[in-house]
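If you want the building blocks of each chain, they are given just below.
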Amino acid sequence: MLELPFLKPKPVRGILALYDSPDDLLNAAALVTEHGFRNVDAYTPYPVHGLSEALGIKKSWVPWVTLVMGLTGAALGLTFEIWTSAIDWPINVGGKPMVSLPAFIPITFESGVLIGGTMTLAALLLACGLPNFQVPILDRDLTNDRFGLFIPETGPAWNEERAIQFLRSTKAVDVRVIRG
Amino acid sequence: MNETAIVNVTGEPLLINPNKTFADVNAEVSAPIERKPGRLWWVFFSISLLLTLQFAAEITYQIIKGVGIWGLNHPVGWAVDITSFVFWIGIGHAGTLISAILHLFRQRWRTAINRSAEAMTIFAVMTAGLFPLIHTGRPWFAYWLIPYPNWRYLWVNFRSPLVWDVFAVSTYLTISLCFWYTGLIPDFASLRDRSSGWKRGIYAVLSMGWRGSERHWQHYERAYMMLAGLSTPLVLSVHSIVSFDFATSILPGWHTTIFPPYFVAGAIFSGFAMVVTLLVILRKVFKMEEYITLHHLENMNKIILVTGMMVGYAYATEFFIALYSGNPFERFVFLNRAGGPFAWSYWIMVSCNVLVPQVFWFKRFRRSLVVMFIVSILVNVGMWFERFTIIVTSLHRDFLPPNWSYYKPTIFDFSVIVGSFGFFFMWFLLFCRFFPTISMAEVKQVLWNAKKTAGKVPASATEKIHA
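For every chain, the first residue of the written sequence is number 1, and numbering continues from 1 along that sequence. All chains are assigned letters beginning at A, and all ligands numbers beginning at 1, according to the order in which they are written. The model is predicted, so local features are restricted to residues of pLDDT at least 70 and side-chain atom pairs to those at 80 or more, both for listing and for counting; the totals for chains, interfaces and linings are taken over all residues.

Attention shifts here to the overall build of chain B. For chain B, the helix and strand inventory stands at 16 helices and 0 strands. Radius of gyration: C-alpha atoms only; globule rule: 2.2 Å multiplied by the number of residues to the exponent 0.38. Its C-alpha atoms give chain B a radius of gyration of 24 Å, near enough to 23 Å, the size a compact globule of 467 residues would have. When the backbone C-alpha atoms are referred to their principal axes, chain B occupies close to 80 × 55 × 45 Å. Looking at chain B as a whole, 49% of its 467 residues qualify as buried. In chain B, the share of contacts with a sequence separation of at least 24, taken over all contacts with a separation of at least 6, comes to 81%. Going along the chain from the N terminus, every DSSP run of H or I of four or more residues is numbered as a helix, and every run of E of two or more is numbered as a strand. The exposure scheme places C-beta atoms from the backbone and then counts, for each residue, the other C-beta atoms within 10 Å of its own, assigning buried at 20 or more, exposed at 12 or fewer, and partly exposed in between. A pair of residues counts as a contact when their C-beta atoms, built from backbone coordinates, are within 7 Å of each other.

What follows is the structure, given as structure tokens:
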């Protein structure tokens, strides 16, 4: 990745299986938890539907950030408009009421979208732990035309042979031991 | 073209040739970035750079001399500047419509065109943003538009639609950038894994270390959906708020409640026309005919036809209400538009926006590159004149005849118009050169579906799992 002295790559250990088709990966993913492997991850060039269900990955919490931050942004926008127009320096503009609620709605909406949207992107990066230049790229083709299933080395009960054997029994085109 | 014979469950032709492999997608979309640009690219780029340079020179001169160098006069205080502002903001709307609204409606054909349409949005909004700044005459005070604590203890007037505009346009630019960038992350990762040396470093930073982990995709897809959900009402709000700049005033011809939907329909109409113009060129210059197929272009032409008729309906309603209202000033403005000194502008607008798109009733024309290219350009000419008609004809003859005048553009008015096109195309050409113009990750998803429909892969293994 980025070969910089202060970005020491984090060691990654486990077994990676590569597949040619998303269906082969899905098949393997459906079996991998049954075989008792934990924290299994998949690497795909595009989002393959059904994969997170097969791997038992929880649904994302990002939409909650959008909702809460969107509402917060809207509330802040409206409060700010009311405070500046009616409290900090009340100015009579064309005989309109100090709290001209209908006139304040456009900016209330825009601030909700602005905060909600930017915070959604921020939450996405936070959730994925990005930017991250320390975790090694397991295979360059995983963003191209290969679909990978990765069983990480876990705990003292780890049995490398068993993981390799299981992955070989699937339709993997390649099974590699990763000792990064 | 045997692949067009195969249709999917909804009876639509396949969006992509099922014989392609995933690796083909990466190779072909990245090709324009990886090879040196061709002569055609340099020709287009030089022209737009020259136009941009003269635009910069014009702006400099105008800042020194004042806005009087344009043809503005006493009643016509807004002309080419605000016309171009509304025009460019409108262009941007199609990008968001394609990327957000079509995503929510699960229109798969958007995948080949959304990236370039979103890029178009960003560059169009950037171009649009220049106009209010330069038209203030003293752009160095532009920060006064932002409510910030200052020694005068004065805030902006939140009851003014011009302030709403500042918030709407800046939010629109920010959110469009977020949305665009989110879509680009996986593709930057693909480019990183294809390249070496310093290029790899740049794409590594841009992709932020994306690896395509399923845990990340899970968040990614939901976040993308949320951004699409936010952009959808946002895009509708932006042109509505732009129309409030006019609708909240008391000027006949501006003071109408039809403006928000009428402006939004017009924006989508002109934006789609611009997308067609750009894509017809892009697919030819960068050899993307297999991704941006005639089917994609035909779909866009259908939207142009529909929105064109919406716009035509709005013209008719506006005219009818003006005559029916019994308000003499309102009636005068519309009769003056159609038969007054600016009648030429009104009839350019009607013929380009209402009559010309009617050719798209015929499948032959919807699928003809020459026809659609000409129509898309005419539509944009018409839409530019629509804004010109709305702004200038309403201003030039208001309530009192002693106030009346004509508006004559000067050479500087023409300079900003062509300059803005140069500026826009310069950014777009740079985008085509350095960024993937087609979303590789999304096209692969469509490709897999196409393969299944065409029976190119063994019957779904996933069905066995879910059964």
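When you go through chain A residue by residue, the secondary structure sums to 5 helices and 4 strands. Each helix and strand of chain A, placed in order from N terminus to C terminus, yields the pattern β-α-β-α-α-α-β-α-β. Taking 2.2 N^0.38 as the reference for a compact globule, 180 residues should give roughly 16 Å; the C-alpha atoms of chain A span a radius of gyration of 25 Å, well beyond that estimate. For chain A, the C-alpha atoms occupy an extent of roughly 80 × 40 × 30 Å along the three principal directions. Counting over 180 residues, chain A shows a buried share of 42%. Taking the contacts inside chain A whose residues are at least 6 apart along the sequence as the reference set, 81% of them involve residues at least 24 apart.

A word on the interface of chain B and chain A. The interface of chain B with chain A comprises 56 residues on the first partner and 61 residues on the second. For the side of chain B that touches chain A, the element with the most residues is helix α7 (residues 214–247) of chain B, which contributes 16 residues. Residue classes in the side of chain B that touches chain A are distributed as 29 nonpolar, 18 polar and 9 charged. Residues are grouped as follows: Ala, Val, Leu, Ile, Met, Phe, Trp, Tyr, Cys and Pro are nonpolar; Asp, Glu, Lys and Arg are charged; every other residue, Gly included, is polar.

This part is about the sheet that holds strand β2 (residues 41–43) of chain A. Residue and element names in this part refer to chain A. What the 4 strands build is an open sheet, ordered β2-β3-β1-β4; its pairing is antiparallel. Single-partner strands in this sheet number two, and they are β2 and β4 (174–179). Strand-to-strand, the axes of this sheet are offset by a mean angle of 25°, without reference to chain direction. Whether two strands pair depends on DSSP finding at least two bridges between them. Pairing analysis gives 6 bridges linking strand β1 (residues 13–19) to strand β3 (residues 147–152), with the strands arranged antiparallel. Looking at the pairing, Y19 lines up with F147 of β3. Lines are fitted to the C-alpha atoms to define the axes, a helix being fitted only along its stretch in contact, and any angle between axes, read from their N-to-C directions, falls within 0 to 180 degrees. Packed on one face of the sheet, helix α1 (residues 22–32) meets β1, β2 and β3 and runs near 20° to β3. Along the sheet, helix α5 (residues 160–169) contacts β1, β3 and β4; its crossing angle with β1, the most-contacted strand, is approximately 5°.

One can read the domain layout of chain A as domain 1 (13–57 + 135–179) and domain 2 (62–128). Of note, the centres of domain 1 of chain A and domain 2 of chain A, computed from C-alpha atoms alone, are 45 Å apart. Domain borders in the structure are assigned automatically or taken from a domain database.

A few words on the packing of helix α5 (residues 161–194) of chain B against helix α6 (residues 197–207) of chain B. In helix packing, the relevant descriptors are the interaxial angle and the interaxial distance, both defined with respect to the helix axes. Residue and element names in this part refer to chain B. It is the contact of α5 with α6, at a shortest axis distance of 8 Å, that shows an interaxial angle of 155°. In terms of orientation, α5 and α6 fall into the roughly antiparallel class. In this structure, α5 crosses over α6, and the sense of that crossing is left-handed. Residues I185, F188, A189, L191 and R192 of α5 pack against R200, Y203, A204, L206 and S207 of α6. In terms of residue class, the contact of α5 with α6 is made up of 7 nonpolar, 1 polar and 2 charged. Angle categories: roughly parallel below 35 degrees, roughly antiparallel above 145, roughly perpendicular from 65 to 115, and oblique for all the rest. Here a crossing is taken to be left-handed if its near helix is turned anticlockwise relative to the far helix by less than a right angle, and right-handed if that turn runs clockwise.

In terms of nonpolar packing, the biggest core is built from 184 residues, with A:A29, A:L149, B:M120, B:F272 and B:V275 touching the most fellow members. Lining this core are residues from two domains, each supplying at least three of them: domain 1 (13–57 + 135–179) and domain 2 (62–128) of chain A. Contacts of B:M120, omitting those with residues within four sequence positions, involve B:I91, B:G95, B:M274, B:V275, B:L278 and B:F428. We call a set of buried Ala, Val, Leu, Ile, Met, Phe, Trp, Tyr and Cys residues a nonpolar core when their C-beta atoms link them within 7 Å.

Let us now look at the environment of B:F329. Its location among the elements puts B:F329 in helix α10 (residues 328–339). Sequence-wise, B:F329 and B:P252 are 77 residues apart; in three dimensions their C-alpha atoms are separated by 6.3 Å.

We now examine the packing of helix α3 (residues 80–104) of chain B against α7(B). Residues and elements named next belong to chain B. Where α3 contacts α7, the two axes come as close as 9 Å, and the packing angle between them is 155°. On the basis of their axis angle, the class for α3 and α7 is roughly antiparallel. Relative to α7, the crossing made by α3 is left-handed. Residues V86, I89, G90, H93, T96, L97, A100, I101, H103 and L104 of α3 pack against A228, G229, S231, T232, V235, V238, H239 and V242 of α7. A breakdown of the residues in the contact of α3 with α7 according to their chemical character gives 10 nonpolar, 8 polar and no charged.

Turning our eyes to something else, we now look at helix α15 (residues 440–453) of chain B. A helix is expected to span 1.5 Å for every residue after the first. Between its first and last C-alpha, α15(B) extends 20 Å over 14 residues, near the 20 Å set by a 1.5 Å rise per residue. Most of α15(B) is tucked away, with 10 of its 14 residues classed as buried. Looking at α15(B), one finds that the buried residues are B:M440, B:A441, B:E442, B:V443, B:K444, B:V446, B:L447, B:W448, B:A450 and B:K451. Structurally, α15(B) contributes buried residues whose contacts are with α1 of chain A together with α1 (22–34) and α5 of chain B. At the C-terminal side of α15(B), B:G455 shows a positive phi close to 70°.

The next thing to look at is the environment of B:A168. Inspection of the secondary structure puts B:A168 in helix α5. Between the alpha carbons of B:A168 and B:H239 there is a distance of 8.7 Å; along the sequence they are 71 residues apart. With sequence-adjacent residues up to four places away left out, B:A168 is seen in contact with A:P106, A:E110, B:S237, B:V238 and B:I241.

On to the confidence of the model for chain B. Residues and elements named next belong to chain B. Residue-level confidence of the predictor, termed pLDDT, takes values from 0 up to 100. For chain B, the average pLDDT comes to 88, and 96% of its residues sit at 70 or higher. Model confidence for chain B, summarised as mean pLDDT per element, is weakest for helix α16 (residues 461–466) at 45 and strongest for helix α11 (residues 343–355) at 94. With pLDDT under 50 throughout, residues 460–467 is counted as low confidence; its partners more than four residues away or in other chains account for 12 contacts. Of the two predicted TM-score estimates for the complex, the pTM is 0.91 and the ipTM is 0.91.

Here we take up unusual backbone geometry. Here A:L130 and A:P131 are connected by a cis peptide whose omega angle stands at -5°. As for its placement among the helices and strands, A:P131 is situated in the loop between α4 (101–128) and β3. Of note, the phi angle at B:R106 is positive, near 55°, even though the residue is not glycine. Looking at the element boundaries, B:R106 is found in the loop between α3 and α4 (114–135). With a phi angle near 55°, B:K287 is a residue other than glycine that sits in the positive phi range. Locating B:K287 in the fold gives a position in the loop between α8 (259–285) and α9 (294–325).

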